Amino acid sequence: MGAVASAMARKGYTVTGTDANVYPPMSTFLENEGIQIFQGYKPENIPGDADLIIIGNAMSRGNPEVEAVLERGLRYKSLPETMKEFFLWGHRNFVVTGTHGKTTTTSMLAWMMEANALNPSFMIGGIARNLGRGGRFTDSEFCVLEGDEYDTSFFDKRSKFLHYLPEVVIMNNIEMDHADIYANVEEIKLSFKRLLRVVPRSGVVFMNADCPNCMDVRACAAKELRVVRTVSVGMAEDADIRISDLEYRTDGSSFTLNGGKDTPWEMDNERFDVPMIGDFNVRNAAMAACAARVAGLDAGQIRSALAAFQGVARRQEVRGTVNGVTVVDDFAHHPTAIRQAIAGLRQRYPQSRLWVLFEPRSNTTIRNLFQDELAEALSHADIAVLSRVENHKNLAAEDQLDEAKLQADIEATGTSCYLGADADDIVANVVGRVHPDDVLLVMSNGGFGGIHKKLLTALAQ
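Bear in mind that the values here come from a model prediction, so they are computed numbers and not experimental data.

### Side note on the packing of helix 8 (residues 279-294) against helix 9 (residues 299-307)
Part 1: Remark: helix 8 packs on helix 9, axes separated minimally by 10 Å, with the N-to-C direction vectors making an angle of 140°. On the basis of the axis angle, helix 8 is oblique to helix 9. Seen from above, helix 8 lies across helix 9 with right-handed handedness. Residue-level contacts link A285, A289, A292 and R293 of helix 8 to A299, I302 and L306 of helix 9.
Part 2: Among the residues making up the contact of helix 8 with helix 9, the classes are represented as 6 nonpolar, no polar and 1 charged.

See below:
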């Protein structure tokens with residue numbers, strides 16, 4: 001939403017908006033773009049002469065501004081509909097999808113194009129450091145989009161990515177997520193199958209060869225949609241484009257791509273370096289590189305851009321080091337992403353004691369759907385710290401995450417675990433126990449009560 005707000009403002013529109021909670025980095029970005037944001041929903045926040053109201057997918061009936069829009073008969077659209085109408089028609093749209101890695105992969109691909117003078121439009125669910133912003137729209141033929149499987153709005157329950165007119169799709173992985181709208185992973189796979197139905201026969205879909213759910217979707221495409229070209233990318237022996245010869249360092253990773261002979265995405269034993277850690281980022285980079293070949297970039301152009309990639313805000317972002325203690329911010333909240341983030345930091349800080357401070361906040365993690373999986377993932381930390389769920393969003397008691405049980409299950413694995421009342425309580429507990437050279441990995445898809453700044457301030461004192 002913030003990225004589209006900025007893009008609309010740069011097209012000459014006056015843009016205002018409302019959110020319940022506004023926090024960095026997006027709040028700072030919008031302020032710098034001169035966009036006025038109201039905190040707290042009120043009908044009077046909507047200007048009487050507004051041409052268009054864009055309603056985010058977090059909004060529902062009963063919201064004061066939603067009700068005002070309906071009662072006043074104002075023109076409204078969802079965010080994806082707005083993007084399609086104002087920015088996507090007639091362009092070559094590269095859509096990056098999957099449960100994990102969308103933001104990083106989209107940022108990598110957009111940067112590869114940007115670094116090679118293609119001047120792409122892009123829409124990313126985060127702030128890519130090389131690009132300085134989450135979204136912009138240019139007169140380039142290329143547009144790179146982060147495609148979310150979450151529903152479009154309260155009035156359109158289709159996945160957002162179905163609106164994006166894709167020529168090229170990256171399908172990073174498919175796992176159970178968004179438990180508030182999907183009952184099981186089969187429903188999620190159905191949404192990805194629908195996405196394949198809008199890919200033209202001139203397009204291509206790059207799919208994770210190592211993800212069984214992606215391969216299930218591919219089998220559906222082979223059976224029902226013979227005109228859709230799919231290419232598997234991964235470490236599997238039978239991958240169409242194979243990732244091999246992986247090398248991991250504390251400052252990054254290297255890998256080789258080979259396959260896709262006699263196609264626009266051919267990789268002939270090409271070696272790449274990415275200044276990021278973890279095999280998940282190798283996969284992200286491999287997918288982005290394959291898509292960049294479709295855009296006409298050669299391996300050398302991709303190689304130089306990838307080596308200069310600076311990452312994304314809130315993805316293993318070092319927020320500061322004080323008195324020898326390093327605070328790292330990460331957006332991870334799904335058990336798989338948590339496990340991968342921990343493994344990545346083990347690679348970067350092999351001699352350090354690793355703390356994981358986790359806030360269960362997403363619509364999936366406040367439920368007990370991943371009760372056992374969260375315990376297993378968090379047990380890979382040396383010390384785990386949990387925040388109590390701030391808002392169970394009217395979930396029935398039997399469906400709620402049991403934080404006390406989660407704490408007990410983590411401790412049963414031999415990993416120390418503290419359950420804090422709030423951010424201030426957690427800061428007081430952690431700062432009283434840290435040692436120099438410790439790494440504090442903070443994981444949340446929200447603001448976590450400003451815990452990063454509070455930790456750094458307390459460590460300095």
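Here the narrative resumes, following the displayed structure.
### Focus: empty space enclosed by the protein
Part 1: Counted by the stated rule, this structure contains 1 cavity of 30 Å³ or more.
Part 2: Within this model, the largest cavity holds a volume of roughly 40 Å³.

### Here we look at the pairing of strand 11 (residues 166-171)
Part 1: Within strand 11, 6 of the 6 residues are buried, which leaves it mostly tucked inside the rest of the structure.
Part 2: Pairing geometry for strand 5 (residues 92-97) and strand 11, over 5 bridges, is parallel. Considered in strand 11, the bridge of V95 is made with V169.
Part 3: Alignment of strand 11 against strand 12 (residues 204-208), held across 4 bridges, turns out to be parallel. By the bridge assignment for strand 12, V168 is matched with V204.
Part 4: One crossover worth recording links strand 11 to the parallel strand 12 by way of helix 6 (residues 185-196), and it is right-handed.

### Comments concerning the pattern of salt bridges
Side chains that differ in sign of charge can pair as their charged atoms come close.
Part 1: Within the structure shown, the criterion is met by 29 salt bridges.
Part 2: For K189, the salt bridge identified is with E186, shortest N-O distance 3.0 Å. Of this pair, K189 and E186 both sit in helix 6, 3 residues apart, roughly one helical turn.
Part 3: For R303, the salt bridge goes to E270, with nearest N and O atoms at 2.7 Å.

### As for unusual backbone geometry
Part 1: Positive phi, close to 55°, is recorded for N269, a residue that is not glycine.
Part 2: Here N269 shows up in strand 16 (residues 267-274).
Part 3: Not every positive phi belongs to a glycine, and F448 is a case in point at roughly 55°.
Part 4: You can see F448 is positioned in the loop between strand 22 (439-443) and helix 14 (451-460).
Part 5: Owing to a relative accessible area of 3%, F448 belongs among the buried residues under this scheme.

### Overview of the pairing of strand 7 (residues 133-136)
Part 1: Examined bridge by bridge, strand 6 (residues 121-128) and strand 7 share 3 bridges and lie antiparallel to one another. From the neighbouring strand, A128 faces strand 7, where its bridge partner is R133.
Part 2: Here strand 6 folds back onto strand 7, and the loop between the two strands holds 4 residues, one of which, G132, carries a positive phi near 75°.

### Let's talk about the sheet that holds strand 20 (residues 383-387)
Across a sheet, strands are paired by hydrogen bonds formed along the backbone, either parallel or antiparallel in direction.
Part 1: Read across the open sheet, the 6 strands follow the order 17-18-22-19-20-21; overall the sheet is mixed. Each edge of the open sheet is held by one strand with a lone partner, namely strand 17 (317-322) and strand 21 (416-420). On average, each strand axis in the sheet is tilted by 20° relative to the strand beside it, whichever way the strands run.
Part 2: Here strand 18 (residues 325-330) runs beside strand 22; their pairing, made up of 5 bridges, is parallel. For D330, the partnering residue across the bridge sits in strand 22 and is M443.
Part 3: Each of strand 20 and strand 21 touches helix 12 (residues 403-412); the most contacted strand, strand 21, lies at about 165° to it.

What counts and how
Residues numbered from 1 in each chain as written. Predicted model: local features only at pLDDT ≥ 70, side-chain atom pairs only at ≥ 80, totals over all residues. Heavy atoms only, no water. Axes fitted to C-alpha atoms, helices over the stretch in contact; angles between N-to-C directions. Helix = DSSP H or I, 4+ residues; strand = E, 2+ residues; numbered from the N terminus. Parallel < 35°, antiparallel > 145°, perpendicular 65-115°, else oblique. Left-handed = near helix turned anticlockwise from the far one by under 90°. Contact = heavy atoms within 4.5 Å. Nonpolar A, V, L, I, M, F, W, Y, C, P; charged D, E, K, R; others polar. 1 Å grid on protein atoms, 1.4 Å probe; cavity = no way out; pocket = protein on both sides within 12 Å on 5 of 7 lines; lining within 4 Å. Points joined across faces, edges and corners; volume = space filled by probe spheres on them. Buried < 20%, exposed > 50% of the residue type's maximum accessible area, 1.4 Å probe, protein only. Pairing = 2+ DSSP bridges. Right-handed = clockwise from strand over helix to strand, strands pointing away. Salt bridge = Lys/Arg side-chain N within 4 Å of Asp/Glu carboxyl O.

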